[in-house]
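# Structure at a glance
Residue-level listing of the chains:
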Amino acid sequence: MAGKGIRRRSPAPAPPPAAALRLALAGAWRALRGRSPAQFPRVLGLLEAVGRAAPGAVTFLHGARLRLGLRAAVVVWMLREAEPDGKILDAVDTFFPEGEPLPGHAHAAPRELEMVAEAQESFREMALELLGDRARREAYLQGPAEREYGERFLAALEGLLYEFLRRVESGLPPPEIDQLHELLWRHAPSGPRPPGQPILSQYLCDMGHAGQLPRPLAARAPPTRVQRQRLGGGRAATEKGPDPTHFRPRPAPPRR
């Protein structure tokens, strides 16, 4: 009989939910720590998935600040990279849809919803203005863009993501290092070690699990007072754009 005696390989078991989630969180942390705006849409997708599963992980304003900030960073990055206008417009419509506020929150106050809607609409207007005026866009990218959405802005987003990750981690069981490494190996290409292993190790260290690593990484210094400074917001008389993260962020561990 054809096929007799042939053993079919059984599918790999589904990874434990906590382990799979940790790997995704580590990737999101790496994307922001590495300042990789091209990866921010994946971070946004993870935030939305976690938000649906655990809506109380962070406050409404915290989640709104983080999501709006990441979306703004993507649009500004696309402007800097001189992506086609149609592609940038699609991103604006996706991330800052006209008249469509961020999803609500069980404990969001009406004023908080209003503030977020205003920030979203303000950024949309600015982006559309820049798309419609190339000279104005070039002038903006040569100066104000860096002040408003440069390193200081990204550092504040990093702090917001750090607090989000710590809150999520507080609801997960302690990490099982062997289990995480096995999951990495399962999805990694052939090589001496999975490329994601250093990323995972750094993430676990930053999240307070350094003691469980085979060779713990050097502990990071505590956040400094400087990192607690808020981002500036509002529109000045010059070309200053709206800041979707104008609320005070919580600092992340200092960058080494």
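Refer to the structure above for everything that follows.
Let me sum up the structure you'll find in this document. All of these numbers come straight from a predicted model, not from anything done at the bench. Note on numbering: residues in each chain are counted from 1, in written sequence order. Only residues with pLDDT of 70 or above have their local features reported here, since the model is predicted, and side-chain atom pairs are shown and tallied only from 80 upward, although totals for entire chains, interfaces and linings are computed over all residues. In computing side-chain properties, one takes all heavy atoms of the structure into account and sets aside hydrogens as well as water.

Put simply, buried Ala, Val, Leu, Ile, Met, Phe, Trp, Tyr and Cys residues joined by side-chain atoms within 4.5 Å make one nonpolar core. Burial classes follow relative accessibility: with a 1.4 Å probe on protein chains only, a residue under 20% of its type's maximum area counts as buried, one over 50% as exposed, and anything between as partly exposed. Membership of the largest hydrophobic core comes to 63 residues, with the highest contact counts inside it found for Leu-70, Val-75, Phe-123, Leu-157 and Phe-164. Only DSSP runs of H or I covering at least 4 residues are called helices, and only runs of E covering at least 2 are called strands; the numbering of each starts at the N terminus. The element best represented in this core is helix α3 (residues 60–80), accounting for 13 residues. In contact with Val-75, other than residues within four places in its own chain, are Ile-88, Val-92, Phe-95, Phe-96, Phe-123 and Ala-127. In what follows, residue pairs with any heavy atoms lying within 4.5 Å of each other are defined as contacts.

Before going further, it helps to spend a moment on the packing of aromatic side chains. Two aromatic rings, drawn from Phe, Tyr or Trp (for Trp, its six-membered ring), form a pair once their centres lie within 6.5 Å of each other, and the interplanar angle then sorts them: stacked below 30 degrees, edge-to-face above 60, tilted otherwise. Tallying each qualifying case throughout the model produces 4 aromatic pairs. Arranged with centres 5.8 Å apart and planes meeting at 85°, the rings of Phe-123 and Tyr-149 form a pair that is edge-to-face. With Phe-123 in helix α5 (residues 110–132) and Tyr-149 in helix α7 (residues 144–149), this pair connects stretches of sequence that are 26 residues apart. Taken as a pair, Phe-123 and Tyr-149 share a single burial class, namely buried. Ring geometry for Tyr-149 versus Phe-153: centroids 4.8 Å apart, planes at 70°, classification edge-to-face. Exposure remark for Phe-153: the relative accessible area of 1% places this residue in the buried category. Grouped by ring-pair contacts, the aromatic residues Phe-96, Phe-123, Tyr-149 and Phe-153 constitute a single cluster.

It is worth spelling out helix α2 (residues 40–53) at this point. Here α2 spans 20 Å end to end across 14 residues, near enough to the 20 Å set by a 1.5 Å rise per residue. The inward-facing, buried residues of α2 contact α1 (17–33), α3, α4 (85–95) and α8 (151–170). The span one expects for a helix is its residue count, reduced by one, times 1.5 Å.

Okay, the packing of α2 against α3 next. Each axis is a line fitted through C-alpha atoms, and for a helix only the stretch in contact is used; angles between axes span 0 to 180 degrees, taken between their N-to-C directions. Relative orientation of the contacting elements α2 and α3 amounts to 160°, with a least axis distance of 9 Å. By the angle between their directions, the pair α2 and α3 is classed as roughly antiparallel. Along this stretch, α2 crosses α3, giving a crossing that reads as left-handed. Across the interface between the two elements, Phe-40, Pro-41, Val-43, Leu-44, Leu-47 and Glu-48 from α2 touch Leu-66, Arg-67, Leu-70, Arg-71, Ala-73 and Val-74 from α3. Residue polarity follows a fixed list, in which Ala, Val, Leu, Ile, Met, Phe, Trp, Tyr, Cys and Pro are nonpolar, Asp, Glu, Lys and Arg are charged, and the others, Gly among them, are polar. Taken together, the residues of the contact of α2 with α3 sort by class into 9 nonpolar, no polar and 3 charged. In these notes the angle categories are as follows: under 35 degrees is roughly parallel, over 145 is roughly antiparallel, 65 to 115 is roughly perpendicular, and the rest is oblique. Handedness of each helix crossing follows the sense of rotation of the near helix against the far helix: counterclockwise by less than a right angle gives left-handed, clockwise gives right-handed.

Glancing now at the layout of surface pockets. One number sums up the size of the second largest pocket: a volume of about 310 Å³. In this structure, the second largest pocket is lined by Ala-24, Gly-27, Ala-28, Arg-30, Ala-31, Gly-34, Ser-36, Gln-39, Arg-42, Val-43 and Leu-46. Considered class by class, the residues forming the lining of the second largest pocket number 5 nonpolar, 4 polar and 2 charged. Grid points spaced at 1 Å over the protein atoms alone were grouped into cavities, where a 1.4 Å probe fits but cannot get out, and pockets, open sets with protein on both sides within 12 Å along at least five of seven lines, with lining residues defined by an atom within 4 Å of a point. Grid points are joined across faces, edges and corners, and a volume is the space filled by probe spheres set on the points.

We now examine the pattern of salt bridges. Salt-bridge detection follows one rule: a side-chain nitrogen of Lys or Arg within 4 Å of a carboxyl oxygen of Asp or Glu. For the structure shown, the criterion picks out 14 salt bridges. For Glu-158, the salt bridge identified is with Arg-33, shortest N-O distance 2.2 Å. Here the residue Glu-158 occupies a position in helix α8, and Arg-33 occupies one in helix α1, the gap between them amounting to 125 residues. Just as Glu-158 is buried, Arg-33 falls in that class too. Between Glu-114 and Arg-111 there is a salt bridge, with its nearest N and O atoms 3.2 Å apart. With Glu-114 and Arg-111 both in helix α5, this residue pair falls 3 residues apart, about one helical turn. One salt-bridge network, in which partners are shared between bridges, spans Arg-33, Arg-35, Glu-151 and Glu-158.

Take the packing of α2 against α8 next. Where α2 contacts α8, the two axes come as close as 13 Å, and the packing angle between them is 35°. For α2 against α8, the interelement crossing comes out left-handed. When α2 is examined against α8, the residues Phe-40, Leu-47 and Val-50 are found in contact with a partner set consisting of Leu-154, Leu-161, Phe-164 and Val-168. A class-by-class count of the residues in the contact of α2 with α8 yields 7 nonpolar, no polar and no charged.

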